[in-house]
Each structure stands twice: as structure tokens, then as C-alpha cells.
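Structure assessment
Read off the chains here:
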Amino acid sequence: MSVEELKRVVLERAKAEADEIIREAIKKSEAIVKDAEERRKRFIESEKAKIRSELQVESRIGEARRRARLIVSSAKAEVARAIEERAIALLRSLGGGRREESLKRLLEESLSELGGRAKPQSPIEVYVSPVDRALVERLLKEKGLEYQVREDPGIVGGVRISCCGGEVVVDNTYNTRLKRALTTLQKEVSRDFAV
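All figures in this text were calculated on a predicted structure; none of them were measured in a lab.

To continue, consider the pairing of strand 3 (residues 158-163). Side-chain positions along a regular strand alternate between the two faces of the sheet. In terms of burial, strand 3 is a largely internal element, five of the six residues being buried. Alignment of strand 3 against strand 4 (residues 168-173), held across six bridges, turns out to be antiparallel. Bridging from a neighbouring strand, Cys-163 pairs with Val-168 of strand 4.

Read from one edge of the open sheet, four strands run 2-1-3-4, paired in mixed fashion. This sheet does not close on itself; its edge strands, each paired only once, are strand 2 (148-151) and strand 4. For this sheet, the mean angle separating the axes of adjacent strands, direction not counted, is 20 degrees. In this structure, strand 1 (residues 125-128) lies alongside strand 2, joined through four bridges in parallel fashion.

As a further point, take the pattern of salt bridges. Scanning all chains against the criterion turns up 18 salt bridges. One salt bridge in this structure joins Asp-19 and Lys-15, with 3.8 Å as the shortest N-O distance. Here Lys-15 and Asp-19 lie together in helix 1 (residues 3-93), a separation of four residues that amounts to about one turn. Between Glu-137 and Arg-133 there is a salt bridge, with its nearest N and O atoms 3.0 Å apart. Placement of the pair is Glu-137 and Arg-133 together in helix 3 (residues 133-142), with a separation of four residues, close to one helical turn. Judged by its relative accessible area of 26%, Arg-133 is partly exposed. Salt bridges here are not isolated pairs; linked through shared partners, they connect Glu-100, Arg-138 and Glu-142.

Bringing the packing of aromatic side chains into the picture now. A full pass over the atoms with the stated rule returns zero aromatic pairs. Against the face of Tyr-127 rests Arg-160, its NZ or CZ located 4.8 Å from the ring centre.

Quick look at helix 3 now. All buried positions along helix 3 are accounted for by Leu-135, Val-136, Leu-139 and Leu-140. Projected down its long axis, helix 3 shows its buried positions confined to an angular sector of 135 degrees, all on one face. With respect to the buried face of helix 3, the exposed residues turned more than 90 degrees away are Ala-134, Lys-141 and Glu-142. Buried residues in helix 3 make contact with helix 2 (96-114), strand 1, strand 2 and strand 3.

Quick look at the nonpolar core now. One recurring pattern in soluble globular proteins is that nonpolar side chains are buried together. In terms of nonpolar packing, the biggest core is built from 17 residues, with Leu-107, Leu-114, Val-126, Val-136 and Ile-161 touching the most fellow members. Elements with a contribution of two residues or more to this core: helix 2, strand 1, helix 3, strand 3 and strand 4. In this view, Ile-161 contacts Leu-107, Ser-110, Leu-111, Leu-114, Ile-124, Glu-125, Val-126, Val-168, Val-169 and Val-170; residues no more than four positions away in its chain are not counted.

Cut-off values and rules
- Residues numbered from 1 in each chain as written.
- Predicted model: local features only at pLDDT ≥ 70, side-chain atom pairs only at ≥ 80, totals over all residues.
- Heavy atoms only, no water.
- Buried < 20%, exposed > 50% of the residue type's maximum accessible area, 1.4 Å probe, protein only.
- Helix = DSSP H or I, 4+ residues; strand = E, 2+ residues; numbered from the N terminus.
- Pairing = 2+ DSSP bridges.
- Axes fitted to C-alpha atoms, helices over the stretch in contact; angles between N-to-C directions.
- Salt bridge = Lys/Arg side-chain N within 4 Å of Asp/Glu carboxyl O.
- Phe/Tyr/Trp six-rings, centres within 6.5 Å; stacked < 30°, edge-to-face > 60°.
- Lys NZ or Arg CZ within 6 Å of the ring centre and 35° of its normal.
- Arc of directions from axis to C-beta.
- Contact = heavy atoms within 4.5 Å.
- Core = buried A, V, L, I, M, F, W, Y, C linked by side-chain atoms within 4.5 Å.

Below you can see the structure in the form of C-alpha cells.
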């Protein structure tokens, strides 16, 4: 065998061995890549499952908070209604000297607030509860004042004075004062019991 032939045989074997090594390396690298891809997919699925689980928990927590807010809101509204009903019942039952003193003070406050806003020759009307009409008329006469007294069955007590064709109204009824007090109370309760 000649040197050239020997050289050629050695080169062919070396090339064949190199090709085999490369094929083996490619197989191994493909297996490593495939394994890495499968681990990556399993990891992604695992993370997705964790996220879905966390989202479900967050969703449940959010729903629980929403329900809690509705329950608290409903309870606050119920308490406000009960307080209003009880207060109206107490105001309706207010009698004798206490009612007269209350009406006298509310009438004086209203007339004072009306003050110079009333125009001369402008009719002034005083709206009262039907049960308070006679008492308010007497209080107005004691003051030497001439007003038109009108009954309003929606008024629990107190007075509402109107003049200048309704442009100026001073509302000092129990109803309005109670609404203001309840609004203030609801704000305080909402602040103290926020969910």
C-alpha cells in the first residue's frame, strides 16, 4: 500500500469517526434540547396552575369583600331606617310644654334667619304639622306677627317659612333637621365601619 493510499484510508477513517462523533453529539444535543423543552413546558404548566389557583383565591377574596360591603351597607341602611322611624315616633309623641318650647325656638330661629330677606308687602307663609297649627298661630299672635299658616301633613313638627313667591324658604322642620342629623350620623358610621 502506498503512502497516498494509506493517507487516504486514514483520512477516510478519521472523517468517518468525526462524522460518527458529530452524529452522536447532535443526538445528545437534540435529547438535551428535547428534555429542556419538556422541563420548560412542565414548569410553565406548573406556574400557570399556581397563577390560576392564586387568581381563584384572589377572585374569592374579592367576592367575599364585595359581599361583606353589601352586608355592611345593608345593615347601615337598616340601622338608619330604624333610627329614623324611632326618632319620628318620638318627635310625633313630643307633647305639652316640650313641644311648645321646641316650636317657639324653631319659629324664632326661622324668623331670625328670614330677617331682612323678606320683601315688604310680600306674603309670608308658615307651614306646620296639622297638630301644631293652633299652637303656631298663638305663638305668631303673641309676637304680633301676621302670617298665613298652612298645614302640611308631611311635616312631623317644626316650621317651614316661605316668602317672596317661594324664592326664600327657611326649613326648620323636624323632618329636615332629622335628615341632616342622619346624614351626619351615616358619614360617621361609614368612616368608623369602613370595609
